[in-house]
Amino acid sequence: MKLRRALSASAATAALLPVVVAAAPASQAAPAAEIPSCYDVSNGQYHDNTFVGRSFGIPKSITLGTHWTTYTATLTNASAKELKSFELGAKLGSYVYNEGERDLSPYGDLQYWDTSQHAWKTLRQANGNAGGTIPGPKTLKPRESVHMQLRFRVSKDLPMNQTYDAFTGLTGTFVDRWRDTDCTADGEASGSFSPREG
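Residues numbered from 1 in each chain as written. Predicted model: local features only at pLDDT ≥ 70, side-chain atom pairs only at ≥ 80, totals over all residues. Heavy atoms only, no water.

Q: Quick question: what am I supposed to make of the side chain of Thr74 here?
A: Inspection of the secondary structure assignment puts Thr74 in strand E4 (residues 69-77). A polar atom in the side chain of Thr74 sits 3.1 Å from the side chain of His147. Not counting the four nearest positions on each side in its chain, Thr74 is found in contact with Val52, Gly53, Arg54, Ser145, Val146, His147 and Ala189. (Helix = DSSP H or I, 4+ residues; strand = E, 2+ residues; numbered from the N terminus. Polar contact = N/O pair within 3.5 Å; in protein donor to acceptor, adjacent residues only side chain to side chain. Contact = heavy atoms within 4.5 Å.)

Okay, structure coming up:
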């Protein structure tokens with residue numbers, strides 16, 4: 001599930017659609033880990049235009065340190081089908097293109113606003129990277145949206161001996177079918193930034 005920088009346009013359309021606030025109980029069934037991606041199952045022939053993704057508030061560059069950068073992200077089901085086994089997640093990281101380059105994710109913090117508890121909750125993966133699953137709805141109906149408020153920061157400990165192609169954003173995953181095979185598909189609302197020393 002890589003977050004890509006390309007975002008869907010149609011912001012005006014999505015603004016008029018119903019919104020689901022992602023604060024549902026965490027006891028949702030996630031898509032089974034053993035289900036392959038639709039892209040892999042189809043040998044790259046699967047093309048999915050299910051989501052319209054938008055993000056606002058991610059600047060082109062951020063200063064390293066303790067200051068939080070807050071942004072909002074929205075995913076809208078632009079298809080005519082109800083999405084099953086829907087799972088919401090978020091990630092903060094950077095693309096690694098060459099041997100010896102590092103991902104900035106372990107040096108970052110990523111949080112989402114939990115509307116039910118009125119508190120920021122930290123997303124951290126088992127490997128130490130910033131990101132993880134966010135409690136949310138199990139399904140997403142046609143023209144329904146999920147809206148999240150997120151914030152991130154990157155530590156001053158980040159080594160600045162390389163250029164970082166960094167990103168952060170929201171991802172939605174669901175179980176779809178390619179011909180007769182169940183598979184997972186996803187979409188995102190993300191943005192890119194460059195870290196800089198203060």
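That covers the picture; the talk isn't over yet.
Q: Which parts of the structure should I look at to understand the side chain of Thr76?
A: Locating Thr76 in the fold gives a position in strand E4. Among the residues examined, Thr76 registers a relative accessible area of 2% and is labelled buried. A distance of 2.6 Å separates a polar atom in the side chain of Thr76 from a polar atom in the side chain of Ser145. (Buried < 20%, exposed > 50% of the residue type's maximum accessible area, 1.4 Å probe, protein only.)

Q: I would appreciate a short explanation of the state of the cysteines in the present structure.
A: When the sulfur atoms of two cysteines share a covalent bond, that bond is a disulfide. Going through the model one piece at a time under the given rule, you end up with one disulfide. Here Cys38 pairs with Cys183 through a disulfide, and the sulfurs are 2.0 Å apart. One quick way to see it: the torsion about the S-S bond of Cys38 and Cys183 is about 90°, and its sign makes the bridge right-handed. A residue pair is termed long-range when its members are at least 10 positions apart, and Cys38 in helix H2 (residues 38-41) and Cys183 in strand E11 (residues 181-196) qualify at 145 residues. (Disulfide = S-S within 2.5 Å.)

Q: Explain the sheet that holds strand E8 (residues 131-134) here, please?
A: Remark on secondary structure: sheet strands pair via backbone hydrogen bonds, oriented parallel or antiparallel. The sheet built from five strands is open, its strands ordered E3-E11-E10-E5-E8 with mixed pairing. Where the open sheet ends on each side, the last strands, each with one partner, are strand E3 (61-63) and E8. Within the sheet, the average angular offset between the axes of one strand and its neighbour, ignoring direction, is 30°. Pairing analysis gives 13 bridges linking strand E10 (residues 165-178) to E11, with the strands arranged antiparallel. Residue pairing in the sheet places Leu170 in a bridge with Ala189 of E11. (Pairing = 2+ DSSP bridges. Axes fitted to C-alpha atoms, helices over the stretch in contact; angles between N-to-C directions.)

Q: Looking at this structure, I do not really get the packing of aromatic side chains. What am I missing?
A: For any pair of aromatic rings, the description rests on two quantities: the centre-to-centre distance and the angle between the ring planes. The tally for this structure, following the rule as stated, stands at eight aromatic pairs. Here the aromatic rings of Phe152 and Phe193 are separated by 4.9 Å at their centres, their planes lie at 40°, and the arrangement is tilted. With a gap of 41 residues between them, Phe152 in strand E9 (residues 145-154) and Phe193 in strand E11 connect regions that are remote in the sequence. The residues Phe152 and Phe193 share a single accessibility class, namely buried. (Phe/Tyr/Trp six-rings, centres within 6.5 Å; stacked < 30°, edge-to-face > 60°.)

Q: Whenever I open this one, the pairing of strand E2 (residues 51-56) confuses me. Can you help?
A: The two faces of the sheet receive side chains in turn, since in a regular strand these alternate between them. Of all six residues making up E2, five are buried, and the element is well covered by its neighbours. The pairing of E2 with E4 spans six bridges and is classified as antiparallel. Directly across from Phe51, in E4, lies its bridge partner Asn77.

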